[in-house]
Amino acid sequence: MDFNLKKLTSDAGVFFTRAVQFTEEKLGSAEKTELDAHLENLIARADCTKNWTEKIFRQTEVLLQPNPSARIEEFFYEKLDKKIPSRITNGELLGQYMMDAAKDFGPGTPYGSTLITVGEYQKRLGGAEREFLQTSAINFLTPLRNFLEGDWRTISKERRLLENRRLDLDICKARVKKAKQAEAKAAAAPDFQETRPRNYVLSASASALWSEEVDKAEQELRVAQTEFDRQAEVTRLLLEGISSTHVNHLRCLHEFVEAQVTYYAQCHQYMQELQKELSRYPNSFSSNAHPSTTCPSPVSSSTLPGAAPPGLITSGPNSTREPAGPLKIQDVQPPATGHRKAKVLYDYDAHDASELSLLADELITVYTVPGMDPDWLVGERGNQKGKVPVTYLELLS
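Here's what I pulled together on the structure shown here.

Moving on, we get to helix α4 (residues 90–105). When the terminal C-alpha atoms of α4 are compared, their 22 Å separation across 16 residues agrees well with the 22 Å that a helix rising 1.5 Å per residue should span. Residues of α4 that are buried: G91, E92, G95, M98 and A102. Seen along its axis, α4 keeps its buried residues to an arc of 120 degrees; they face one direction. In α4, the exposed residues that point more than 90 degrees away from the buried face are N90, Y97, K103 and D104. Contact partners of the buried residues in α4: α5 (110–187). Just downstream of α4 lies G106, where phi reads positive at about 105 degrees.

Dropping the structure here:
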């Protein structure tokens, strides 16, 4: 094993000296050279850029690939510098399942033919998603990753080097200060030495030694100051390059948005085409295409088992039904109590003059009257009054 023991010992000594200086600065027992305000602002801006870029990068990865196992697999392929295998999208897989199911159910049946049609469009949606993922990864994720793994690592390396140069500079400053204090102490010899010629010689020799030490320390300080200034300039130039990084990321962000616009426009087009295809089928199948506009059919009291049809009344379980006159809704008087507010859930068109037409989301007053079908209520809206189906209402209070 070939290594330079002297260099290793020297590096260990430098590391220990820097560690002592750093600890004393943290404890407040040593002076610290402060960076200029411009450089401090550049460092703060760079840290902010790195932190937010990392968060945006990670969350974009989650958006494009929600499966953490798949993300880990892609990470290893990238580190091994191997091509990531093509992976089928969920939309394509769903479309394939639908088309396979149609073969078993019979492609000539209404359900089977509809499955084939929907499956084809699901595969188209999956293909659009695949293209969107690839475009976003190339145009948006890759530049962010290059910054984090390339430019930022270079900036971090130079910043660590600048911190070491600053510690060396402060060590040299402390050394000069201690040497000057020792030189001054040696020059101020005690009074009793004046009567002893030998002490004069020792004092002069010590003063000369400390003078040489001061000169040596000042020379090292000048060298350390020069290296620190040079490294500060290099770091400043790299940090000022963050502005160019912002411009590059802005361009990538525009491309990412354009990819999203293209993807969602394709999805919208495919869904409109699918909607037209489904509209060719009988109403019993196409009516389910709009669940938000589908409303429950009101059940007439004449169709309920055990319920008396309109026009017949009963006075008891064994009594004979006798015809009665039709209920005139305008003659119904509201009860003194029992009024409730109700929100209309769906539009409803009155079938005759005794019913009240409804509009979705409007508020009406409802109440019941004796002998009325439980599936219906009397509704009032201003001066209008009529029967309304309970299934179309949400009772509020």
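Within the element layout of this structure, D373 appears in the loop between β4 (363–367) and β5 (376–381). Buried within the structure, D373 lacks any salt-bridge partner; its nearest side chain of opposite charge belongs to K387, at an N-O separation of 7.9 Å. Among the polar contacts listed, one links the side chain of D373 to the backbone nitrogen of D375, at a separation of 2.9 Å.

Position of R222 among the secondary structure elements: in helix α6 (residues 197–240). Its relative accessible area of 47% is what places R222 among the partly exposed residues. Along the primary structure R222 and K173 are separated by 49 residues, whereas in three dimensions their C-alpha atoms are 9.7 Å apart. Looking at R222, its side chain comes within polar contact range of the side chain of Q219, at 2.7 Å.

Here we take up a nonpolar patch on the surface. A surface patch of nonpolar side chains, amounting to about 320 Å² of accessible area, comprises L250, L253, V257 and V261. Examined against the element boundaries, L250 turns out to sit in helix α7 (residues 242–278).

Rules and cut-offs
Residues numbered from 1 in each chain as written. Predicted model: local features only at pLDDT ≥ 70, side-chain atom pairs only at ≥ 80, totals over all residues. Heavy atoms only, no water. Helix = DSSP H or I, 4+ residues; strand = E, 2+ residues; numbered from the N terminus. Expected span 1.5 Å × (residues − 1). Buried < 20%, exposed > 50% of the residue type's maximum accessible area, 1.4 Å probe, protein only. Arc of directions from axis to C-beta. Contact = heavy atoms within 4.5 Å. Lys, Arg positive; Asp, Glu negative; His and termini not counted. Salt bridge = Lys/Arg side-chain N within 4 Å of Asp/Glu carboxyl O. Polar contact = N/O pair within 3.5 Å; in protein donor to acceptor, adjacent residues only side chain to side chain. Patch = residues over 30% accessible without salt bridge, like charges linked within 9 Å, V, L, I, M, F, W, Y side chains within 5 Å. Areas by Shrake-Rupley, 256 points an atom, 1.4 Å probe, with all protein chains shown as cover.

The quantities given are spatial measurements derived from coordinates; they are silent on function.
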